[in-house]
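Chain residues, written in single-letter form:
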Amino acid sequence: MAVVYRGTDRVLGRTVAIKVLHPHLLDRPEARARFGREATVIAKLRHPNIVEVYDVSDAQADTAFMVTEFVDGRVLADFLVAHGPLLPEVAAAVVSVIARALAHAHGRGVIHRDVKPENIMVRLDGVLKLMDFGIAHVTDMEHLTMTGAVLGSPAHMSPEQVDGQALDARTDIFSLGTLLYLLEIGRAH
């Protein structure tokens, strides 16, 4: 849906990530709405383990982009490829950190709906960052979600999500369980 660039905030002198909606999606109102919603969702969340949003383009702009915190590291999926399965204690610690980030989001009415290793960054200093709230469900923004639409990554979806049913925070908890399994075993199933 988008491409992410590394950039520099010239005003504040910091490295940032710039997520830009693909040009072929600019004329699709639902794609722009989802992209804008992601920025709105992340902006509601202030947690040390959730990527922070700094700025977003105007809805009428020629290009749709958001500027976020730059996380110097790699996604957890790549970390697993390089290092293999984690010790159970380490896997539990990773899931515990992400669970706290999700609890924060759930407390603000946000259900991530796509918890998976590709959406978790491992910073060079070991800090974990949950990212990509592109298909998140927000309880006070229900009009922007598609009823019955199946969105997410099948290997980590709860049965209710696969069936297109109404979701609550338990869908993310289910995904945390699949994440724990993957971290310890090294594969989704």
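Residues numbered from 1 in each chain as written. Predicted model: local features only at pLDDT ≥ 70, side-chain atom pairs only at ≥ 80, totals over all residues. Heavy atoms only, no water.

To continue, consider helix H3 (residues 88-107). Its 20 residues give H3 an end-to-end C-alpha distance of 28 Å, which sits within 8% of 28 Å, the value for a rise of 1.5 Å per residue. Along H3, the residues classified as buried are Ala-91, Val-94, Val-95, Val-97, Ile-98, Ala-101, Leu-102, His-104 and Ala-105. Immediately downstream of H3, the backbone of Gly-109 shows phi near 80 degrees, a positive value. (Helix = DSSP H or I, 4+ residues; strand = E, 2+ residues; numbered from the N terminus. Expected span 1.5 Å × (residues − 1). Buried < 20%, exposed > 50% of the residue type's maximum accessible area, 1.4 Å probe, protein only.)

The next subject is the environment of Gly-7. With respect to the helices and strands, Gly-7 occurs in strand E1 (residues 2-9). A relative accessible area of 12% places Gly-7 in the buried class. On a C-alpha basis, the gap between Gly-7 and Ile-18 in space is 6.5 Å, while along the polypeptide they are 11 residues apart. Once residues lying within four places of it in the same chain are set aside, the contact partners of Gly-7 are Arg-14, Thr-15, Val-16 and Ile-18. (Contact = heavy atoms within 4.5 Å.)

A separate point is unusual backbone geometry. At Arg-113, a residue that is not glycine, the phi angle is positive and equals roughly 70 degrees. Relative to the assigned elements, Arg-113 resides in the loop between strand E6 (110-111) and strand E7 (120-123). Arg-113 gets classed as buried once you look at its relative accessible area, which sits at 11%. Its identity is not glycine, yet Asp-132 carries a phi of approximately 60 degrees, on the positive side. Relative to the helices and strands, Asp-132 is located in the loop between strand E8 (128-130) and strand E9 (137-138).

Here we take up the nonpolar core. Formed by 37 residues in total, the largest nonpolar core has its most connected members in Val-110, Phe-133, Leu-179 and Leu-183. Counting residues per element, this core draws most heavily on H3, at eight residues. For Phe-133, the contacting residues outside a window of four places in its chain are Glu-38, Val-41, Ile-42, Leu-45, Ile-50, Val-110 and His-112. Residues Val-51, Val-75, Ala-77 and Met-121 belong to the second largest nonpolar core, which totals five residues. (Core = buried A, V, L, I, M, F, W, Y, C linked by side-chain atoms within 4.5 Å.)

This part is about the layout of surface pockets. In this approach a probe as big as a water molecule rolls over the atoms, and the regions it shows empty are the leftover space. In this structure, the largest pocket spans a volume of roughly 490 Å³. The wall of the largest pocket is formed by 25 residues, among which Val-4, Lys-19, Thr-68, Met-131 and Asp-132 lie closest to the centre. Elements with a contribution of two residues or more to the lining of the largest pocket: E1, strand E2 (14-21), helix H1 (29-43) and strand E4 (65-69). Residue composition of the lining of the largest pocket, grouped by class: 14 nonpolar, three polar and eight charged. (1 Å grid on protein atoms, 1.4 Å probe; cavity = no way out; pocket = protein on both sides within 12 Å on 5 of 7 lines; lining within 4 Å. Points joined across faces, edges and corners; volume = space filled by probe spheres on them. Nonpolar A, V, L, I, M, F, W, Y, C, P; charged D, E, K, R; others polar.)

On to the side chain of Glu-38, then. Its location among the elements puts Glu-38 in helix H1. A relative accessible area of 4% places Glu-38 in the buried class. Residues contacting Glu-38, with those up to four places away along its chain left out, are Lys-19, Met-66, Asp-132, Phe-133 and Gly-134.

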